[in-house]
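# Geometric and topological summary
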Amino acid sequence: MLDTSCRPGRLAATALAGSLAAGSLAGALGFAGIAQAAGEPTVKSLSVAKGSTSGGTAVLITGTGFNGVNESSGVTFGSTAAGGTPATNVIVLSDTQIAVKAPAGTNSVSVFVTNANGASADTTTDNFTYIAPITVTVPSNTKLSAAGGTTFNASITGAGVSSSGDITSKKITATVNGAVAKVAYGGSSDTLAITAPAGTPTATGGTVSVSVLSDGVTGTPDASNAKYVAVITKLSVMSGPTAGTNGTSDKPAVTITGVGLKGATGWQFDAVGATCSAGTGTKEDTTVTCTNIPAGTAGPVTVNFTPANGATQGITAGATYTYTDLG
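Given the structure is predicted, the values throughout are model-derived calculations rather than measurements.

## Some words on the packing of aromatic side chains
Scanning the model with the defined rule gives five aromatic pairs in all. Between F77 and F128, the ring centres sit 5.3 Å apart and the planes meet at 85°, which makes this aromatic pair edge-to-face. Taken together, the positions of F77 in strand β4 (residues 75-78) and F128 in strand β10 (residues 127-131) put the pair 51 residues apart, joining distant regions of the chain. Like F128, F77 is buried. On the numbers, 5.1 Å between centres and 80° between planes, the contact of Y321 with Y323 is edge-to-face. Of the two residues examined, Y321 and Y323, each falls in the buried class. Of the aromatic side chains, those joined through ring pairs into one cluster are F77, F128 and Y130.

See the structure below:
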């Protein structure tokens, strides 16, 4: 048999096959490296980019490669993945989303996600900034008009407010019972003048929460000292004779306007009862008509009532009626 193993063509073919085999192995290794790199997580966005230095801010991380992330140590907040502080309450929702709570920290950091292939790259989309929270204290037994507009001074700690300019530069805002309130400098260091929005009269023994935020980060609220009260804002007739005034259901003696009037009873001019009926439909909470104004002594008196659900009546200028026999 003719031996062709040493022919130049066979040698060339053998060399080519070896070269291709080596190339295939190198290519496979190269693709494996690419696949591993592609398997590293990415962080594309954070639902919240700022949080309290005390930790606990809920953050939803969106990205890729989250399946298999260790919920105890796979998400860290810091300058590097390995040197960061692990997040708490980590829940891997899917390959693209992780819910966490930020650990305590300071300054600006990055959020890293690590899986078996490595850690996510540090980009601008993973930046998280820590902000010192503000604690607020409201004066005891602060009554807020359900119609809105009540302004009260509250003391704060943690913000360093000493002028009206600090309110703007430190992006200080406030909420009352979860609704946005107006904020101004209170006139002395670390004091805010907060103007409450409209609200629902607080039931028996209840109070509402007042919070102050620094750049959107909520601090420790005061949930013990403020409550909304039912109020009269206007009387259709503000004065009348000491002998009283009689009307009818079609033409009442006085129409009372306010907030929190639904279900109210015990209507009185000073301490003398009047016959009054609540409005209907959309006016049930804001309008009451009285078919009579009882007789009284010359001078100003307050129109009183007992709000429903154990709420408190707030006294405003709109609740003042003046008895007079002058023309």
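## Let's talk about the sheet that holds strand β23 (residues 265-269)
Reading across from one edge, β20-β30-β28-β23-β24 is the order of the five strands in this open sheet, with mixed pairing throughout. In the strand order of this sheet, the two ends are held by β20 (239-240) and β24 (272-273), each with one partner. By the bridge criterion, three bridges tie β23 to strand β28 (residues 299-306) in an arrangement that is antiparallel. Counted as the bridge partner of T265 is T306 from β28.

## A closer look at the side chain of D126
Assignment of secondary structure puts D126 in the loop between β9 (118-119) and β10. Within polar-contact distance, the side chain of D126 engages the backbone nitrogen of T123 at 3.1 Å. When sequence neighbours within four positions are dropped, the list of residues in contact with D126 reads V43, L46, V109, S110, V111 and A121.

## Some thoughts on the state of the cysteines
Within this structure, the stated rule accounts for one disulfide. Two residues, C276 and C290, share a disulfide whose sulfurs are 2.0 Å apart. The sign of the 100° torsion about the S-S bond sets the C276-C290 disulfide as right-handed. In this pair, C276 sits in strand β25 (residues 276-278) while C290 sits in strand β26 (residues 287-290), placing the two residues 14 residues apart along the sequence. One exposure class covers both C276 and C290, and it is buried.

## Details of the pattern of salt bridges
Counted according to the given criterion, the structure contains two salt bridges. Close ionic contact of D215 with K50 constitutes a salt bridge, the shortest N to O distance being 2.8 Å. With D215 in the loop between β17 (208-214) and β18 (217-218) and K50 in strand β2 (residues 50-52), the pair connects residues that are 165 residues apart, well separated along the chain. Residue classification places K50 among the partly exposed residues on the basis of a relative accessible area of 31%. The partner of D215 in a salt bridge is K171, with the nearest N and O atoms 3.9 Å apart. Highlighted residues: D215 in the loop between β17 and β18 and K171 in the loop between α2 (164-169) and β14 (172-176), separated in sequence by 44 residues. A single network of salt bridges, built from pairs that share partners, joins K50, K171 and D215.

What counts and what doesn't
Residues numbered from 1 in each chain as written. Predicted model: local features only at pLDDT ≥ 70, side-chain atom pairs only at ≥ 80, totals over all residues. Heavy atoms only, no water. Phe/Tyr/Trp six-rings, centres within 6.5 Å; stacked < 30°, edge-to-face > 60°. Helix = DSSP H or I, 4+ residues; strand = E, 2+ residues; numbered from the N terminus. Buried < 20%, exposed > 50% of the residue type's maximum accessible area, 1.4 Å probe, protein only. Pairing = 2+ DSSP bridges. Polar contact = N/O pair within 3.5 Å; in protein donor to acceptor, adjacent residues only side chain to side chain. Contact = heavy atoms within 4.5 Å. Disulfide = S-S within 2.5 Å. Salt bridge = Lys/Arg side-chain N within 4 Å of Asp/Glu carboxyl O.

Remember that the coordinates give geometry; whether it matters functionally is a separate question.
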